[in-house]
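# Descriptive structure summary
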Amino acid sequence: MRLAMIERPLLAMIERFRKLKLCTDKALIDIGSDTKFSDLEWSKIKDLIDSFQQFKLAVEALCRRDSTLLTAETTLQFILEKLPTQNTVLSAELSEDCV
């Protein structure tokens, strides 16, 4: 349950940050900042969101009142099948950590 309380706000924050990509890039230019986000960095943020989405769905399934051990097994199987299809280093590492 504690993971669910941490994960949802973190995922929501990262999703909002990504939605503000153009605004963020423009604001950094406007203030003359040396900090710039590369396309690779934005891509990594998207990969992070995609990976966290799988865990968000899993946590929601496991936190239901009618959740059982069968639900947990099915949920873990879902994550183990879904993460490798994303073809990112992050998803591969998360997939390995779940085994």
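As recorded by an unreviewed UniProt entry, the protein carries the name Zinc finger BED domain-containing protein 5 and is attributed to Araneus ventricosus.

### Some thoughts on helix 4 (residues 69-82)
With 14 residues, helix 4 ought to run about 20 Å at 1.5 Å a step, and its terminal C-alpha atoms sit 20 Å apart, in line with that. Its side-chain oxygen at 3.3 Å from the backbone nitrogen of Leu-70, Thr-68 defines the N-terminal cap of helix 4.

### Section: the nonpolar core
Counting six residues, the largest nonpolar core is built from Leu-11, Ile-14, Trp-42, Ile-45, Ile-49 and Phe-52. Where this core is concerned, the elements lending two or more residues are helix 1 (2-19) and helix 3 (39-62). Sequence-distant contacts of Ile-14, defined by excluding residues within four places in its chain, comprise Ile-45, Leu-48, Ile-49 and Phe-52. Judged by nonpolar contacts, the second largest core, of five residues, contains Phe-55, Ala-58, Ile-79 and Leu-83.

### A few points about unusual backbone geometry
One non-glycine residue, Asn-87, lies in the positive phi region at around 55°. Looking at where Asn-87 falls in the secondary structure, it is placed in the loop between helix 4 and helix 5 (89-98). Accessibility expressed as a relative area gives 71% for Asn-87, which makes it exposed.

### Points about the pattern of salt bridges
Taken as a whole and assessed by the stated rule, the structure comprises four salt bridges. One salt bridge in this structure joins Lys-46 and Asp-50, with 2.8 Å as the shortest N-O distance. Of this pair, Lys-46 and Asp-50 both sit in helix 3, four residues apart, which is roughly one turn of that helix. Residue Lys-46 is classed as partly exposed on the basis of its relative accessible area of 34%.

Each value, and the rule that gives it
- Residues numbered from 1 in each chain as written.
- Predicted model: local features only at pLDDT ≥ 70, side-chain atom pairs only at ≥ 80, totals over all residues.
- Heavy atoms only, no water.
- Helix = DSSP H or I, 4+ residues; strand = E, 2+ residues; numbered from the N terminus.
- Expected span 1.5 Å × (residues − 1).
- Polar contact = N/O pair within 3.5 Å; in protein donor to acceptor, adjacent residues only side chain to side chain.
- Core = buried A, V, L, I, M, F, W, Y, C linked by side-chain atoms within 4.5 Å.
- Buried < 20%, exposed > 50% of the residue type's maximum accessible area, 1.4 Å probe, protein only.
- Contact = heavy atoms within 4.5 Å.
- Salt bridge = Lys/Arg side-chain N within 4 Å of Asp/Glu carboxyl O.

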